[in-house]
Amino acid sequence: MTEDVPVRDAATVVLLRDGSDGIEAWMLTRVAGMAFAAGMSVFPGGRVDDADTHLPIAGGDLARLAQRFDCDLATARGLVGAAVRETFEETGVLLSVPFADLSGARADVELGRVAFGDLLAANELSVDASALRPWSRWVTPKGETRRYDTRFFVGALPDSAVAQDVTSESSEASWIGIGAALEQAQRGERRLLPPTLVTLASLLTFGSVAEALASSDERDLAPVRPQIRVEGDTVSVELPDGTVLPFPSR
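The rules behind each value
For every chain, the first residue of the written sequence is number 1, and numbering continues from 1 along that sequence. Two thresholds apply to this predicted model, a pLDDT of at least 70 for residue-level local features and 80 or more for giving and counting side-chain atom pairs, whereas whole-chain, interface and lining totals are computed over all residues. For the side-chain quantities, the full set of heavy atoms in the structure was used; hydrogens and water were omitted. Comment: elements are numbered from the N terminus, with helices defined as DSSP H or I runs of at least four residues and strands as E runs of at least two. In this scheme, a residue with accessible area under 20% of its type's maximum is buried, one over 50% is exposed, and one in between is partly exposed, where area comes from a 1.4 Å probe on protein chains only. Only heavy atoms enter the contact rule, under which two residues are in contact if any of them lie within 4.5 Å. Each accessible area is a Shrake-Rupley result for a 1.4 Å probe, and residues are judged covered by the shown protein chains and nothing else. For two strands to pair, DSSP has to find at least two bridges joining them. Side-chain atoms within 4.5 Å are what join buried Ala, Val, Leu, Ile, Met, Phe, Trp, Tyr and Cys residues into a set we call a nonpolar core. Space inside and on the surface of the protein is sampled on a 1 Å grid over the protein atoms alone, with a cavity defined as a set of points where a 1.4 Å probe fits but cannot get out and a pocket as an open set with protein on both sides within 12 Å along at least 5 of 7 lines; lining residues have an atom within 4 Å of a point. Grid points are joined across faces, edges and corners, and a volume is the space filled by probe spheres set on the points. Residue polarity is assigned by list, with Asp, Glu, Lys and Arg as charged and Ala, Val, Leu, Ile, Met, Phe, Trp, Tyr, Cys and Pro as nonpolar; anything else, Gly included, falls into the polar class.

Caption draft 1: Structural context of the overall build of the protein chain. Across its full length, the protein chain holds seven helices and 13 strands. Per-residue burial over the protein chain gives 50% buried out of 250 residues. In the protein chain, 68% of the contacts between residues at least 6 apart in sequence involve partners at least 24 apart. Here the protein chain displays about 11,700 Å² of accessible surface, and carbon together with sulfur accounts for 48% of that area.

See the structure below:
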């Protein structure tokens, strides 16, 4: 634990598809050397960069999104931009209008050789805000070395898109059924941070991706502010409703 640090805006995308046994999510296991969430299974996502606020955006209702996430319009733009950029960097899937497969340029964007905004402009594309639905909001507890105000979105894999295990930030990535991921976590085979665990559990009841996306308007987007509890050698996280979840050792 450490002294309190500034909270930065971040966006996470739960990329979904319909599988033979129900909804599947794209999950990555972050490499051991990462400064944040090393070794954890996560969804694509990351912090908002200044350039994300200036990306061309089409579709969606940014004013409504800003209202629901209790932020200004510029922040809402940045969140959507970061969500789409991070998804592209970490999966090769581009949520754009019109749809385009630019996965061959993914590594150049991830490594900073090409700006994401320049890539969009060169191909006359815009970020597809309508492809993302707001799902939840989590704020990293005080005491962590890095803190984020992370807005979670859900989105469907475009019909002609293929998610790829390519990013340098993960040791492996793949589609996995929602229930299977939770079962693996219960057996200790998959390490999940509390927001990831709760997000997966929240999707269990839906029979299809379309059903999950349609429920977004009913989601409570009030920020979840967990508290870290330390009892001897045991570290856990207490949610606002009193639920206590184990905090994976690092």
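Caption draft 2: Examining the pairing of strand E1 (residues 7-19) more closely. Note that E1 and strand E9 (residues 147-156) share 10 bridges and pair parallel. By the bridge assignment, Ala 11 is partnered in E9 with Arg 151. One ladder, built from three bridges, connects E1 with strand E4 (residues 45-47); its direction is antiparallel. In the strand pairing of E4, Ala 10 is matched with Arg 47. Here E1 runs beside strand E2 (residues 22-30); their pairing, made up of four bridges, is antiparallel. Bridge pairing in E2 links Leu 16 to Ala 25.

Caption draft 3: Geometry of the side chain of Arg 147. Tracing the sequence through the fold places Arg 147 in strand E9. Those residues in contact with Arg 147 that lie beyond four places of it in its chain are Asp 4, Val 5, Pro 6, Val 7, Arg 8, Val 139, Thr 140, Pro 141 and Lys 142.

Caption draft 4: Representation of the side chain of Ser 136. Position of Ser 136 relative to the elements: it lies in strand E8 (residues 133-139). Excluding anything up to four places from it in sequence, Ser 136 contacts Phe 69, Thr 150, Arg 151, Phe 152, Thr 199, Arg 219 and Leu 221.

Caption draft 5: Representation of the sheet that holds strand E6 (residues 96-97). Within the open sheet, the three strands sit side by side as E5-E7-E6. Their pairing is mixed. Every interior strand has two partners, whereas the edge strands, strand E5 (57-58) and E6, have only one. Here E6 runs beside strand E7 (residues 126-128); their pairing, made up of two bridges, is antiparallel. In the strand pairing of E7, Val 97 is matched with Ser 126.

Caption draft 6: Representation of the nonpolar core in the model. By size, the foremost hydrophobic cluster in this structure holds 45 residues, and its most contacted members are Val 80, Leu 94, Phe 116, Val 127, Leu 132 and Phe 153. Of all the secondary-structure elements, those providing two or more residues to this core are E1, E2, helix H1 (62-68), helix H2 (73-91), helix H4 (116-122) and strand E10 (170-177). The leading source of residues in this core is H2, at seven residues. If sequence neighbours within four positions are ignored, Phe 116 has contacts with Leu 55, Val 84, Arg 85, Phe 88, Leu 94, Val 109 and Val 127. One finds Phe 152, Ile 178, Leu 182 and Val 224 within the second-largest nonpolar core, a separate group that totals 24 residues.

Caption draft 7: Main features of the environment of Asp 70. Mapping Asp 70 onto the fold places it in the loop between H1 and H2. The class for Asp 70 is exposed, based on a relative accessible area of 64%. A sequence separation of 153 residues divides Asp 70 from Pro 223, and the C-alpha atoms of the two residues are 9.4 Å apart.

Caption draft 8: Spatial organisation of the layout of surface pockets. Taken as a whole, the second largest pocket spans an internal volume of roughly 270 Å³. Contributing to the lining of the second largest pocket are 17 residues, with Asp 61, Leu 65, Leu 132, Arg 133 and Pro 134 lying nearest its centre. Looking at the lining of the second largest pocket, the elements that each hand over two or more residues are H1, E8 and helix H7 (209-214). Ranked by residues supplied to the lining of the second largest pocket, first place goes to H1 with four residues. Residue composition of the lining of the second largest pocket, grouped by class: nine nonpolar, three polar and five charged.

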